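Observations on the three-dimensional arrangement
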Amino acid sequence: QVQLVESGGGLVQAGGSLTLSCTISGHTVDYAVMAWFRQAPGKEREFVAAIRWSGGTTYYADSVKGRFTINRDNPQNTMYLQMSSLKPEDTAVYSCAAGGGVVNVAVAGYYFYWGQGTQVTVSS
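The paragraphs below set out a description of the structure included in this document. (Residues numbered from 1 in each chain as written. Predicted model: local features only at pLDDT ≥ 70, side-chain atom pairs only at ≥ 80, totals over all residues. Heavy atoms only, no water.)

Some points on the overall build of the protein chain
Counting its secondary structure elements, the protein chain contains zero helices and 11 strands. Reading the protein chain from its N end, one meets helices and strands in the order β-β-β-β-β-β-β-β-β-β-β. What you see for the protein chain is a C-alpha radius of gyration of 13 Å, in line with the 14 Å of a compact globule of 124 residues. With the principal axes as the frame, the protein chain shows a C-alpha extent of 40 × 30 × 25 Å. Looking at the protein chain residue by residue over its 124 residues, the buried ones come to 43%. Counting contacts in the protein chain only where the partners sit at least 6 residues apart, residues at least 24 apart contribute 56% of the total. Surface accessibility of the protein chain: about 6100 Å² in total, with carbon and sulfur atoms responsible for 48%. Treating the 8 positive side-chain charges of the protein chain as one cloud and the 8 negative ones as another, the clouds have centres 5 Å apart. (Helix = DSSP H or I, 4+ residues; strand = E, 2+ residues; numbered from the N terminus. Rg over C-alpha atoms; globule rule 2.2 N^0.38 Å. Buried < 20%, exposed > 50% of the residue type's maximum accessible area, 1.4 Å probe, protein only. Contact = heavy atoms within 4.5 Å. Areas by Shrake-Rupley, 256 points an atom, 1.4 Å probe, with all protein chains shown as cover. Lys, Arg positive; Asp, Glu negative; His and termini not counted. Charge placed at Lys NZ, Arg CZ, Asp CG, Glu CD.)

Here is the structure:
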């Protein structure tokens, strides 16, 4: 069983920075790909970024490319999302996810395990 726990959310002013963490426990084979998704009030969940646990290949949504960085610390079993130049439209609940046979990293349905989510609020 894989468990994910996010931390690091909060309130930040536009233009500011915030780093989210996702600590993973469980069998490594079950989370070959790790990702961050977000959901704003009244909107559908959307892909933010993903990383392959082995090799470290990264993927980003166009809306965050150049502003967000996803990375992982394998020995610590922790994934991070470094967010900078934050905008009010980045306000959402951010959730980390893990999956094994992920064909399309941007599709939530491929991820078996999810964290509880952490709120990020960007004020204008």
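Structural notes on the sheet that holds strand β3 (residues 18-25)
By way of backbone hydrogen bonds, the strands of a sheet pair with one another, either parallel or antiparallel. With antiparallel pairing, four strands are arranged side by side in an open sheet as β1-β3-β8-β7. Looking at which strands have only one partner, the edges of the open sheet turn out to be β1 (3-7) and β7 (68-73). Strand-to-strand, the axes of this sheet are offset by a mean angle of 15 degrees, without reference to chain direction. Where β1 and β3 come together, five bridges link them in antiparallel fashion. Along β3, the bridge assignment pairs V5 with T23. (Pairing = 2+ DSSP bridges. Axes fitted to C-alpha atoms, helices over the stretch in contact; angles between N-to-C directions.)

So, the packing of aromatic side chains
All told, the structure shown has five aromatic pairs when counted by the stated rule. With 5.7 Å between their ring centres and 70 degrees between their planes, F37 and F47 make a pair best called edge-to-face. Placement of F37 in strand β4 (residues 33-39) and of F47 in strand β5 (residues 46-52) is noted, with a sequence separation of 10 residues between them. Here F37 and Y111 contribute two aromatic rings whose centre-to-centre distance is 5.4 Å and whose plane-to-plane angle is 75 degrees, an arrangement assigned as edge-to-face. Of the two residues, F37 is situated in strand β4 and Y111 in the loop between β9 (92-99) and β10 (113-114); the sequence distance between them amounts to 74 residues. In this pair, the class of F37 matches that of Y111, namely buried. Here a set of aromatic residues connected by ring pairs shows up, and it is made of F37, F47, Y111 and W114. Against the face of W114 rests R45, its NZ or CZ located 4.2 Å from the ring centre. (Phe/Tyr/Trp six-rings, centres within 6.5 Å; stacked < 30°, edge-to-face > 60°. Lys NZ or Arg CZ within 6 Å of the ring centre and 35° of its normal.)

Focus on the pattern of salt bridges
Counted under the stated rule, the structure contains four salt bridges. Among the salt bridges present, the one from K65 reaches D62, with a minimum N-O distance of 3.2 Å. For D62, a relative accessible area of 67% puts it in the exposed group. In this structure, D90 engages R67 in a salt bridge whose closest nitrogen and oxygen atoms are separated by 2.7 Å. Taken together, the residues D90 in the loop between β8 (78-83) and β9 and R67 in the loop between β6 (58-60) and β7 connect sequence positions 23 residues apart. For the residue pair D90 and R67, the accessibility class agrees, reading buried in each case. Among the charged side chains, a salt-bridge network with shared partners connects R38, E46, R67 and D90. (Salt bridge = Lys/Arg side-chain N within 4 Å of Asp/Glu carboxyl O.)

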